[in-house]
Amino acid sequence: MKTRNIIAILATLPLLLPSLTACSSDDVTEAKPAKEMLIVEGGAIELLASEQDKSVQVTADCHWRVSYDRGDFSDKLTVQPSEGRGNGTLVIHTDENTTLVNRQAVVTLTTDGGLQQKITISQSSSDSDMALSAESFSFSAVPGGVAQQLTLASNISWTIQLPAGIDWLHVDKTSGDAGAHAINITADEVQSDEERSATFTILYGSKNRQVQVTQAGKTNITLSVSTNELDYFAPNGGVAQVVRVTSNGAWRVFIPTSVQSWLRAEPMEGVGNGEFRVFCEQNPSTDRERLSLLIVTAGSRNPQQEDILVQQVSAGYPSVYELQLLSNSSETATLSYEFTSGSDVEEYGLCYSTTNPAPTIADEHVILGSGYGTLVEGSIAPLTERTTYYVRGYVTSTVTPQVTLYTNTVTFTTQSTSGAPIESDNINPQLSRRR
């Protein structure tokens, strides 16, 4: 119920006009009583955040004017009319309060005689609100960088909080002011056959909204490796051997716990085509070789698997060390490596290929000698100019069972006989033409 606040003032002002000269009673003028009345409906008005107009009744028998202190409303408050005579209606107008703070103003009505009536206007803070065009989005396994759009409308400022540890989900805008905004959502290509999902949170005032993003897994995870059986490792561990992986997804390498003390791989995981290196520690046994399987997997719903046999000879076999390139020209390359052996070896030398990144004695090879361990230096020739070669040193033992041990691979490209530059010699192709 509204409270009626009535201010009524009756003023009687007797006035005697003294005569400068004697006069009869008919010469005396007596003032009639004068009065002003101003009544305003509701001295305190409360508006909801969404309310924008309010009417107030004024009861008066005189002229009155309106003034106001807008206070927290700034220029968002108007009162019409600005003056009146007798009864009237005030119309108070304000914008919707989209802030989280209450605001106040004071409107004052004043008569010509100085009577005043104040009206306190209060408007409550906004109940923060937000509208979203969608609360969930779905992406294919290979979205190709195509964005999906979230339309957000809010009456206050907002921020987006992405989940921790999720690096495949992206938004192009993480904060904004009140109003409508378009937010582009993108997802990276998935590298598994499992569906994945993440939920990000939109914070506004004391509230929040959540948006879920899901992405389908790949349906055709593929996996292959360059070999399913590595060359024998020398008893000293020798040099690392490289396994090349071909895959359209994420892959991992597993090593049985029982052999992790002497066998390791780096890195243990990758995405797409890549490679990893296999290392062996020294084998202290003089009469026992050791072996294990490395397992490479990709996918989980329909897992793909490749097994790789790893073998290391005992300490009775030769040990080989790193191969180094000493020089190369258009037709010849000179390399060196070292091996140690407690007994004669059948032969040692260099094997090479232009197509096999891990050449063996089944490829082209040069026999450099036989006998005890030694520092080996040798050349391969004739070679083709401007051609890439893969070279390894090898040692074939006389110990039973007979095995051939290899060094690391050295890769080089032969030089040109003419020395004339060609396109591949240009280290900065952008400077290919002088204008």
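As shown above, the structure is provided for reference.
Residues numbered from 1 in each chain as written. Predicted model: local features only at pLDDT ≥ 70, side-chain atom pairs only at ≥ 80, totals over all residues. Heavy atoms only, no water.

1. Points about the environment of His170
- Here His170 lies in strand 15 (residues 169-171).
- A relative accessible area of 33% means that His170 is categorised as partly exposed.
- C-alpha separation for the pair His170 and Thr186, spaced 16 residues apart in sequence, amounts to 5.3 Å.
- Engagement of the side chain of His170 in a polar contact is seen with the side chain of Asp188, the distance being 3.1 Å. (Helix = DSSP H or I, 4+ residues; strand = E, 2+ residues; numbered from the N terminus. Buried < 20%, exposed > 50% of the residue type's maximum accessible area, 1.4 Å probe, protein only. Polar contact = N/O pair within 3.5 Å; in protein donor to acceptor, adjacent residues only side chain to side chain.)

2. Remarks on the pattern of salt bridges
- This structure, assessed with the given rule, holds seven salt bridges.
- Linking Arg392 and Asp231 is a salt bridge whose minimum nitrogen-to-oxygen distance equals 2.8 Å. Of this pair, Arg392 sits in strand 34 (residues 388-397) while Asp231 is found in the loop between strand 20 (223-225) and strand 21 (241-247), placing the two residues 161 residues apart along the sequence.
- For Glu266, the salt bridge identified is with Arg264, shortest N-O distance 3.3 Å.
- By relative accessible area, Glu266 is classed as partly exposed at 42%.
- You can call Arg264 partly exposed: its relative accessible area is 33%. (Salt bridge = Lys/Arg side-chain N within 4 Å of Asp/Glu carboxyl O.)

3. So, the nonpolar core
- Counting 23 residues, the largest nonpolar core has Tyr337, Phe339, Ile380, Val391 and Phe412 as the members making the most contacts within it.
- When sequence neighbours within four positions are dropped, the list of residues in contact with Phe412 reads Leu325, Asn328, Ala333, Ile380, Leu383, Thr387, Thr388, Tyr389 and Val391.
- By size, the runner-up hydrophobic cluster in this structure holds 22 residues, among which are Val225, Trp262, Val296 and Ala298. (Core = buried A, V, L, I, M, F, W, Y, C linked by side-chain atoms within 4.5 Å. Contact = heavy atoms within 4.5 Å.)

4. Digging into the sheet that holds strand 21
- Strand order across the open sheet formed by four strands is 20-21-25-23, with antiparallel pairing between neighbours. Two strands bound the open sheet, and with one partner strand each, they are strand 20 and strand 23 (263-266). Strand after strand, the sheet turns through a mean of 25° between neighbouring axes, direction not considered.
- Relative to strand 25 (residues 274-280), strand 21 is paired through five bridges, and the arrangement is antiparallel. Across the sheet, Gln241 pairs through a bridge with Val278, a residue of strand 25. (Pairing = 2+ DSSP bridges. Axes fitted to C-alpha atoms, helices over the stretch in contact; angles between N-to-C directions.)

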